[in-house]
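One-letter residues, chain by chain:
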Amino acid sequence: MTRTTGEPQTSAPTAAPASAPVGTGGPAQRAEPAGAAGAAPAAGVPADTPGASSAEAAATRVELLIGGMTCASCAARVEKKLNRVPGVTASVNYATEKARVTCPAGVGVADLIAVVERTGYTAEEPAPAATPVPATPGTAAAPDAQDARRDAEPASYRRRLTVSALLAVPVVLLSMIPALQFDNWQWLALTLASPVVVWGGLPFHRAAFTGARHGAATMDTLVSLGTLAAFGWSLWALFLGDAGMPGMHDGFSFTVSRADSASRIYLEVAAGVVTFLLLGRYLETRSKRRAGAALRALMELGAKDVTVLRDGREVRVPVGLLAVGDRFVVRPGEKIATDGTVVEGASAVDAALLTGESVPVDVAVGDAVTGATVNAGGRLVVEAVRVGADTRLARMARLVEEAQSGKARVQRLADRISAVFVPVVLVLAAATFGAWSGLTGDTAAAFSSAVAVLIIACPCALGLATPTALLVGTGRGAQLGILIKGPEVLESTRRIDTVLLDKTGTVTTGRMTLRTVHAARGTAEEEVLRLAGAVEHASEHPVARAVAAGAGERLGRLPAVTDFRSVPGRGVRGRVEGRDVAVGRLAENGGALPPELARAAQEAEREGRTAVVVGWDGAARGVVTVADAVKETSAEAVRALRALGLTPVLLTGDNRAVAEAVADAVGIERVIAEVLPEDKVETVRRLRAEGRCVAVVGDGVNDAAALAAADLGLALGTGTDAAIEAADLTLVRGDLRVAADAVRLSRRTLATIKGNLVWAFGYNVAALPLAAAGLLNPMIAGAAMAFSSVFVVTNSLRLRTFR
């Protein structure tokens with residue numbers, strides 16, 4: 001019986017997403033050719049796709065840090081100005097404070113920075129190419145400019161908030177509680193409120209002035225106008241009106257109160273709103289810092305120093321000095337410095353920090369290891385295969401960063417609304433003042449309602465709704481070994497209803513393993529396995545390796561073989577313990593099989609296994625069967641996919657008997673077998689034509705086209721670069737259960753985004769009419785606006801608890 005090995009396994013050793021280089025601690029701004037190696041092309045489209053236009057090839061992708069943005073309308077304004085430059089395509093993310101720009105050859109980085117500065121914001125130029133970048137995430141380096149700014153922002157707002165709160169609380173209490181209002185209390189309130197409005201609100205006033213200088217209206221315009229108007233009105237009433245008279249009393253109402261305009265002051269509104277907004281801004285900046293913590297933690301996983309073997313001596317050097325081909329020592333408990341191959345020793349490697357896999361993996365000579373994983377056992381000597389930006393960890397970090405910087409369709413809608421929202425609110429506030437004044441003649445009430453409209457309408461929550469959820473969701477995914485290529489992927493996970501699962505390497509291990517041993521009457525199974533294993537040990541055939549490995553595991557040391565020879569298409573022969581042993585086809589083993597062995601061979605064939613006949617002294621003595629083993633977790637993974645409402649289908653190029661046996665083992669009802677790679681693509685198209693939304697899970701080169709053609713492609717990180725590059729999601733571990741986790745996480749992130757947007761839209765839609773109708777005191781409006789942003793960010797942070 002000839003050997004059949006099933007679907008060819010094309011997977012390479014552990015590979016990483018082929019994305020642009022990244023080095024932790026290095027410059028956060030990068031300029032790189034859009035089509036160059038290292039830049040991530042669109043899913044399914046390799047960077048060297050024939051027919052790519054010369055303009056595309058000449059385009060440059062630039063990443064800039066944008067300073068001075070305080071709300072979503074700021075980001076929308078910068079993006080709009082950049083996109084007006086001929087040939088430039090830009091996307092500005094408020095949460096990450098980055099602009100990703102693709103520009104033609106004639107547009108330089110300096111031109112882009114000039115555009116941003118003319119808009120009223122700052123941009124940082126990419127570091128020169130000669131600037132050294134640490135070779136591996138985690139190497140010693142100064143924090144980049146964005147990290148330094150994000151660390152300083154919460155501290156600055158905390159100082160302003162603390163001082164403002166200490167001064168504003170007495171002002172609010174004096175204004176709200178008539179019993180506390182002693183003679184001339186209003187002058188004490190003015191003394192306390194002035195530094196709050198002027199110094200505490202300085203970030204809002206400065207940003208509003210900068211925007212006005214460039215003809216822009218932002219959230220800070222609304223805040224500054226509202227608080228300064230309240231403060232200015234109070235100054236007029238105190239110095240020129242009746243509010244400064246001794247014995248003046250005031251009260252507090254949740255709605256706009258009607259009073260003589262000359263005796264009404266709004267010091268508590270001015271001081272209280274500034275304090276509430278400072279509290280909201282402080283919590284927002286701190287939460288944004290926490291939202292990106294997962295990516296920073298990922299980028300800091302790498303080792304900082306490494307013990308390199310130089311001329312037979314062990315030398316401790318910074319990991320940035322490692323080069324491909326260097327050999328380095330990893331002692332128990334140390335992190336593996338970079339991706340490589342074990343050349344000496346055996347151990348168990350703990351990859352929990354990198355992939356979320358809790359069980360250490362045994363490695364020995366010849367096995368691949370990944371940088372940032374921990375040596376949990378014996379001493380290893382590893383030869384570096386990838387260093388710096390090529391390492392798996394660096395590529396993972398880059399992929400996550402790109403996903404966090406992107407925008408989903410729902411975010412683009414929010415950006416368009418934010419861009420026009422502030423001017424509309426200014427018009428609405430003026431209309432409110434005019435309407436109240438004309439209809440009631442009450443200038444004080446009209447003014448109070450207009451201020452409430454200005455303050456409550458700030459679109460902060462709208463701008464934070466999507467980016468914060470993306471930051472936390474993609475970061476949490478990276479911690480669990482799930483890399484989401486872009487925000488548009490989230491929307492695909494919601495629609496899919498059918499999952500096509502590749503067999504070899506995805507549902508199964510992709511390696512032949514020993515399954516059963518059958519012996520003829522009068523012969524011991526142990527003897528059959530021992531002699532077969534001894535002869536097969538000298539062969540490199542996949543089936544032979546499976547038999548030899550299985551025999552070694554069950555029996556320990558195998559006897560030596562002499563006079564070994566391989567007969568192509570028939571099997572192998574050799575002399576073991578004085579016997580001429582033949583392993584392979586029936587013809588090599590002396591005629592017909594005994595009935596019991598014939599039945600075993602036929603049963604193996606029905607179940608899709610490969611039967612190997614073992615004989616000596618001219619007679620068949622046993623049958624050994626091997627097969628591509630099903631992963632222990634595959635059945636559980638299939639159940640998890642079904643629980644998500646998905647229909648799993650096994651899609652394989654292997655023969656139907658093998659495919660159906662695997663499908664039965666894991667609980668898959670539908671099998672599509674004996675298909676070529678191009679047939680896999682046609683299968684995807686056929687199912688989509690039937691109205692299905694299709695996801696494909698695979699790991700090999702032969703799956704790449706299907707992954708690209710599917711509505712959602714999921715590649716196992718243990719597979720080939722081609723499959724990973726074509727996929728939308730990369731599962732760092734080779735565990736199929738992570739596919740279900742990836743779908744759950746993506747759906748939950750999308751649900752969080754939608755929940756945030758519903759709140760943000762709903763809040764503004766409901767609050768603006770209330771404010772215009774005089775049903776909201778401006779101070780209550782300020783508190784509500786501040787906490788709407790905090791609510792959105794806090795809701796996004798719940799994704800950190802995803803399991």
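Bear in mind the structure is a predicted one, so any value in this text is a computation, not a measurement. (Residues numbered from 1 in each chain as written. Predicted model: local features only at pLDDT ≥ 70, side-chain atom pairs only at ≥ 80, totals over all residues. Heavy atoms only, no water.)

Student: Would you mind showing me how to read the sheet that holds strand E11 (residues 361-363) here?
Tutor: Two orientations exist for strands paired in a sheet by backbone hydrogen bonds: parallel and antiparallel. The strand order E11-E10-E13 describes an open sheet built from three strands, whose pairing is antiparallel. Strands at the two margins of the open sheet, each flanked by one partner only, are E11 and strand E13 (374-375). One ladder, built from two bridges, connects strand E10 (residues 347-350) with E13; its direction is antiparallel. Note on E13: the bridge partner recorded for Val-349 is Asn-375. (Pairing = 2+ DSSP bridges. Helix = DSSP H or I, 4+ residues; strand = E, 2+ residues; numbered from the N terminus.)

Student: I tried to follow the nonpolar core on my own but got confused; where do I start?
Tutor: Inside soluble globular proteins, nonpolar side chains tend to come together where they are buried. Core analysis: the biggest nonpolar cluster contains 50 residues, and Ile-482, Leu-501, Leu-650, Leu-714 and Leu-729 have the highest contact counts within it. For this core, the leading source of residues is helix H25 (residues 737-772), giving nine residues. The residue makeup of this core includes at least three contributed by each of domain 4 (406-481 + 739-802) and domain 5 (484-507 + 631-732). If sequence neighbours within four positions are ignored, Leu-650 has contacts with Leu-501, Asp-502, Lys-503, Val-507, Ala-659, Val-662, Ala-663, Ile-668, Arg-670, Val-671 and Ile-672. (Core = buried A, V, L, I, M, F, W, Y, C linked by side-chain atoms within 4.5 Å. Buried < 20%, exposed > 50% of the residue type's maximum accessible area, 1.4 Å probe, protein only. Domains from an automatic or database assignment. Contact = heavy atoms within 4.5 Å.)

Student: What is the right way to read a nonpolar patch on the surface from this model?
Tutor: On the surface, Val-169, Leu-173, Ile-177 and Leu-180 cluster together into a nonpolar patch covering about 310 Å² of accessible area. On the secondary structure map, Val-169 appears in helix H4 (residues 145-176). (Patch = residues over 30% accessible without salt bridge, like charges linked within 9 Å, V, L, I, M, F, W, Y side chains within 5 Å. Areas by Shrake-Rupley, 256 points an atom, 1.4 Å probe, with all protein chains shown as cover. Salt bridge = Lys/Arg side-chain N within 4 Å of Asp/Glu carboxyl O.)

Student: What's the story with the packing of helix H6 (residues 202-213) against helix H7 (residues 219-239) in this structure? I'm lost.
Tutor: The description of two packed helices rests on the angle between their axes and on the distance between the axes. Contact geometry of H6 with H7 gives a least axis separation of 8 Å together with a crossing angle of 120 degrees. With respect to H7, the axis of H6 lies oblique. In this structure, H6 meets H7 at a crossing whose hand is left-handed. Where H6 abuts H7, its residues Pro-203, Phe-204, His-205, Ala-207 and Ala-208 lie against Asp-220, Thr-221, Val-223, Ser-224, Thr-227 and Leu-228. Here the contact of H6 with H7 is composed, by residue class, of six nonpolar, four polar and one charged. (Axes fitted to C-alpha atoms, helices over the stretch in contact; angles between N-to-C directions. Parallel < 35°, antiparallel > 145°, perpendicular 65-115°, else oblique. Left-handed = near helix turned anticlockwise from the far one by under 90°. Nonpolar A, V, L, I, M, F, W, Y, C, P; charged D, E, K, R; others polar.)

Student: Honestly, the sheet that holds strand E9 (residues 339-344) in this entry has me stumped. Any pointers?
Tutor: The strand order across the open sheet formed by six strands is E7-E6-E8-E14-E9-E12, and the pairing between neighbours is antiparallel. At either end of the open sheet lies a strand with only one pairing partner, and these are strand E7 (313-318) and strand E12 (368-369). As judged from the five bridges shared by E9 and strand E14 (residues 380-386), these two strands associate in the antiparallel manner. Within E14, the position partnered with Glu-344 by the bridge is Val-381.

Student: When you look at the confidence of the model for the protein chain in this model, what are you seeing that I'm missing?
Tutor: For residues with low pLDDT, the predicted coordinates do not support detailed interpretation. Per-residue pLDDT for the protein chain averages 76, and the proportion of residues at 70 or more is 75%. Below pLDDT 50 for its whole length, residues 1-57 participates in 157 contacts with residues either more than four positions away or in separate chains. Scored below 50 in pLDDT, residues 127-143 makes 39 contacts in the model with residues more than four places away or belonging to other chains. (pLDDT = per-residue confidence, 0-100.)

Student: I keep staring at the pairing of strand E25 (residues 694-698) and nothing clicks. Help me out?
Tutor: A regular strand places its side chains on the two faces of the sheet in alternate fashion. Counting buried positions along E25 gives five out of five residues, so the element sits mostly inside the fold. The two faces of E25 match: Val-694, Val-696 and Gly-698 on one face and Ala-695 and Val-697 on the other face are all buried. Strand direction decides the pairing type here: strand E16 (residues 498-502) and E25, joined by four bridges, are parallel. What sits directly across from Thr-498, in E25, is Val-694. Relative to strand E26 (residues 712-716), E25 is paired through four bridges, and the arrangement is parallel. For Gly-698, the partnering residue across the bridge sits in E26 and is Ala-715.

Student: What's the story with helix H17 (residues 525-536) in this structure? I'm lost.
Tutor: Helical periodicity: at 3.6 residues per turn, an α-helix aligns residues three or four positions apart in one direction. Taking 1.5 Å per residue, 12 residues should reach 16 Å; H17 reaches 16 Å between its end C-alpha atoms and fits that length. For H17, a buried count of nine out of 12 residues is recorded, marking the element as mostly surrounded by other parts of the structure. Every buried residue of H17 is listed here: Glu-527, Val-528, Leu-529, Leu-531, Ala-532, Gly-533, Ala-534, Val-535 and Glu-536. (Expected span 1.5 Å × (residues − 1).)

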